[in-house]
Amino acid sequence: MRTRSVLLVVAAFLLGAIAAGSIGVRVIREVRTDEEAATETPGSTTTLAAGVAPTYQVAPNETLIGSTALVPTGIEAGGTDVAITYDLVVLAPYSGVPPLVTFVPFAGPSEVPVDEINHVYPLRWELVTTGGTFEGGPANPDIRVARFDVDEGFSPSEIQEVVIVEARTPYALEVPFALSNDEPTFEVVPGVDISLLNVSDQGSSTIVQVAIDADDPELASAFVSGDGPGWRSAVFEAEGRPRITLTYVGGPLPDPIPLVAAATVWLEVPGPFPVSIGAGS
Amino acid sequence: MSPESTPEDRQPDYEALLRSPYDPDEPADRPEGESDLPWIPAVIAACAGALAVGAFVVFAVATGPDTAEEAEQPPASSSTTLAAVVSDGPPPGFTAVTDQVSAAPVAVDVSASGTVVTVATAVAGGVDPATVEPLDVAYWTLTSGGSDTTMVRQFTEKVGVGNTTVVFPPVVALRQAAVTPYLAIGQPLVDTTTIELEAEYGQSLDPFVVTVGDVSIAVDELSFAESWGWISWTSSGGVAQVDPTITFVGTDDPSADGENPTLLVPPSRRPFTFGTPTQPLPTPYAFSGSEGLVRVGEPIAGDNQASSIRIDLVITVPGDVTASVPIALPPSP
């Protein structure tokens, strides 16, 4: 009888221990998983073969697009707005290249150093989070902030991945073309049409007005000059208006009117481009 | 006792005889229906076992490895993650063209009117781009399907550096294609041809040829008036840069210090004025060219008249040209 009692007590102890142990193992696993998820940083780890260190051109958290390094500098979240700030660092050699002269309204000519000129436009971004994917980006090529509209109560800890899905780089091109009353419009580059607005005979000269119609002026622009002898320098009609006035003084105006467009087009650079917004190395 | 009983059967029940009425656990002492097993101790034992293991679980969770330290440790795999270091070479995807500059195609457009390749350049990691001059490319060739073709023209980005656009004759499709920059090296050869003319506005010169080194530049058309100019040329034996200046000798801008005669120059050398874009970069090397010349300085009118006209034609050709490495292009989509 006593033997049975002892055996019963021992068995009960073991059953209790086994039951508690099975529950305890699950608890330990779940705790470890939560801790690992809390310490993960999106897109910041590269694992290479043993002994090979990853390299960078400008900063460990850079994203290379063409000859420009995009380096995130910070992230801010408030309400339904997320803003990722970044620098664009030129990698192209530019010793001896003069600055760009541009016109600032109410201020006059202004010089822009070469390393501050835009060579890349990270147009469209995706913010991948635990609550969904949000699209955003900078408002124009001069802005160094990518903005996203997110849900109320958003926290940066929800970010899983940041990716630039569309980036563009400028290239220059000269395109000769001609306009006439029969063919008053010509597409000089995709997304940019030049249209003949008016031809005015001034006696010893002829004034030709053309309009530049760009689907997206941020992505393509052009300037038009006369092509051939007899043309004075062309000028924009007024600041901000995409109209150009050309003056022909070489006698009777040729028909069709020979012109040449100097275009700048923002070409898409094949991506996508992951962005690291975690801490640097 | 029956005759069949065994000797053991005939033994007296000593246990019963020695049993005391005070001995416990006598079946006869329990109420009917009650178990004889010690359940209460068993329950206590089960709880004790559970408590013992539970204490161990709490201890294991509380005293596990620090999670912050764990995040910095290499992942449990066969490879090792090392801290990133500054590259001493070209960026990924770029091909070293010189010991300081590398290049890569960023866009390719194949159409019936031509094949346009945009090439970006970059310095090696850790190098200041402000200390390195841009590539000086005499011309480019396109290799596709085993055939070579030479560029039609090249354009540098008008608002800075970085991208060069090269236009080639049209190709059907790119197959194992690559572009090769032929670099201008050594000291370039520069020749200035000066032509003196009578002070007559509205002139058109007869075509003429200027030879610089091994390159012959045929000026097909050079015409001008008091407010405009035009030049077109072609070269043979190599590429050239042609930079004309037409000076109306004897003219001046009285509002400016020093001598400021009225000139006709390429747009790239025109000072910034409102309403006109700036083109700070000179025209790159080419096999041909044409451009209008714009007036700089006071208009020719009233007292501001030329006593003579001088044309200075500065022609630059590469001192030497060497082929660099081919830069592979992505296949046509």
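## Overview of the overall build of chain B
Part 1 of the argument: Secondary structure assignment for chain B yields 3 helices and 20 strands.
Part 2 of the argument: The burial tally for chain B puts 38% of its 333 residues in the buried class.
Part 3 of the argument: Pairs at least 24 apart in sequence give 67% of the contacts found in chain B among residues at least 6 apart.
Part 4 of the argument: As displayed, chain B has an accessible area near 17800 Å², and 55% of this comes from carbon and sulfur atoms.

## What about the overall build of chain A?
Part 1 of the argument: Counting secondary structure elements, chain A contains 1 helix and 18 strands.
Part 2 of the argument: Here chain A, with 281 residues, has 42% of them falling under the buried criterion.
Part 3 of the argument: Partitioning the contacts of chain A with sequence separation of at least 6, the portion at a separation of at least 24 is 59%.
Part 4 of the argument: Entry remark: accessible area of chain A is about 14100 Å², with carbon and sulfur atoms responsible for 52%.

## What to know about the sheet that holds strand 8 (residues 163-168) of chain B
Paired through backbone hydrogen bonds, the strands of a sheet run either parallel or antiparallel to each other.
Residues and elements named next belong to chain B.
Part 1 of the argument: Taken in spatial order, the 5 strands line up as 2-3-4-8-7 in an open sheet, and their pairing is antiparallel. Each having just a single partner strand, strand 2 (95-96) and strand 7 (153-156) make up the two edges of the open sheet.
Part 2 of the argument: Inspection of the sheet shows strand 3 (residues 101-111) paired to strand 4 (residues 114-123) by 10 bridges, in the antiparallel sense. From the neighbouring strand, Val101 faces strand 4, where its bridge partner is Val123.

## A look at unusual backbone geometry
Part 1 of the argument: Along the chain, Asp255 of chain A connects to Pro256 of chain A via a cis peptide bond; the corresponding omega equals 0°.
Part 2 of the argument: For Pro256 of chain A, the position within the fold is in the loop between strand 16 (243-248) and strand 17 (257-269).
Part 3 of the argument: With an omega dihedral of 0°, the bond running from Gly271 of chain A to Pro272 of chain A counts as a cis peptide bond.
Part 4 of the argument: With respect to the secondary-structure elements, Pro272 of chain A resides in the loop between strand 17 and strand 18 (273-275).
Part 5 of the argument: The phi dihedral of Gln176 of chain B is positive, around 50°, even though this residue is not glycine.
Part 6 of the argument: Topologically, Gln176 of chain B is positioned in the loop between strand 8 and strand 9 (178-185).

## Considering the sheet that holds strand 12 (residues 192-201) of chain A
Residues and elements named next belong to chain A.
Part 1 of the argument: With respect to topology, 5 strands assemble into an open sheet ordered 11-12-13-16-15, the strand pairing being antiparallel. Whereas interior strands pair on both sides, the edge strands pair on one side only; in this sheet they are strand 11 (185-189) and strand 15 (235-236).
Part 2 of the argument: As defined by bridge partners, strand 12 adjoins strand 13 (residues 206-214) across 9 bridges and the pair is classed as antiparallel. Bridge pairing links Val192 to Ala214 in strand 13.

## Description of the nonpolar core
Part 1 of the argument: Val192, Ile194, Val210, Val224, Leu246 and Leu259 of chain A are the most contacted members of the largest nonpolar core, which has 31 residues in total.
Part 2 of the argument: Counting residues per element, the ones that place at least two in this core are strand 10 (159-179), strand 11, strand 12, strand 13, strand 14 (220-226), strand 16 and strand 17 of chain A.
Part 3 of the argument: With residues near it in sequence (within four places) discarded, Val192 of chain A still touches Phe186, Glu187, Ile212, Asp213, Ala214, Ala220, Ser221 and Ala222 of chain A.
Part 4 of the argument: Core analysis: the second largest hydrophobic core is formed by 27 residues, Phe224, Ala240, Ile246 and Leu293 of chain B among them.

## So, the packing of aromatic side chains
In this description, an aromatic ring pair is defined by two values, namely the gap between the centres and the angle between the planes.
Part 1 of the argument: Within this structure, the stated rule accounts for 10 aromatic pairs over all chains.
Part 2 of the argument: For the pair Tyr86 of chain A and Trp125 of chain A, a centre-to-centre distance of 5.4 Å together with 35° between the ring planes defines the contact as tilted. Within this pair, whereas Tyr86 of chain A is found in strand 4 (residues 81-90), its partner Trp125 of chain A is found in strand 7 (residues 121-129), the two being separated by 39 residues in sequence.
Part 3 of the argument: We classify Tyr86 of chain A as buried; its relative accessible area is 2%.
Part 4 of the argument: Ring geometry for Tyr201 of chain B versus Phe248 of chain B: centroids 5.8 Å apart, planes at 65°, classification edge-to-face. Of this pair, Tyr201 of chain B sits in the loop between strand 10 (189-197) and strand 11 (203-205) while Phe248 of chain B sits in strand 15 (residues 241-249), placing them 47 residues apart in sequence.
Part 5 of the argument: Clustering of aromatic rings is evident, with ring pairs tying together Tyr86, Trp125 and Phe148 of chain A.

## Considering the confidence of the model for chain B
Residues and elements named next belong to chain B.
Part 1 of the argument: The pLDDT averaged across chain B works out to 82; a share of 76% of its residues lies at or above 70.
Part 2 of the argument: pLDDT under 50 marks residues 1-5. Its contacts with residues more than four places away, or in other chains, come to 2 contacts.
Part 3 of the argument: Every residue in residues 66-79 scores below 50 in pLDDT, and together they form 9 contacts with partners more than four places removed in sequence or on other chains.

## Focus: the side chain of Ser102 of chain B
Residue and element names in this part refer to chain B.
Part 1 of the argument: Along the chain, Ser102 turns up in strand 3.
Part 2 of the argument: On the accessibility criterion, Ser102 (2% relative accessible area) is buried.
Part 3 of the argument: Not counting chain neighbours up to four residues away, the residues in contact with Ser102 comprise Pro90, Pro91, Phe94, Thr95, Ala96, Val97, Ala120, Thr121 and Ala122.

About the criteria used
Residues numbered from 1 in each chain as written. Chains lettered and ligands numbered in written order. Predicted model: local features only at pLDDT ≥ 70, side-chain atom pairs only at ≥ 80, totals over all residues. Heavy atoms only, no water. Helix = DSSP H or I, 4+ residues; strand = E, 2+ residues; numbered from the N terminus. Buried < 20%, exposed > 50% of the residue type's maximum accessible area, 1.4 Å probe, protein only. Contact = heavy atoms within 4.5 Å. Areas by Shrake-Rupley, 256 points an atom, 1.4 Å probe, with all protein chains shown as cover. Pairing = 2+ DSSP bridges. Core = buried A, V, L, I, M, F, W, Y, C linked by side-chain atoms within 4.5 Å. Phe/Tyr/Trp six-rings, centres within 6.5 Å; stacked < 30°, edge-to-face > 60°. pLDDT = per-residue confidence, 0-100.

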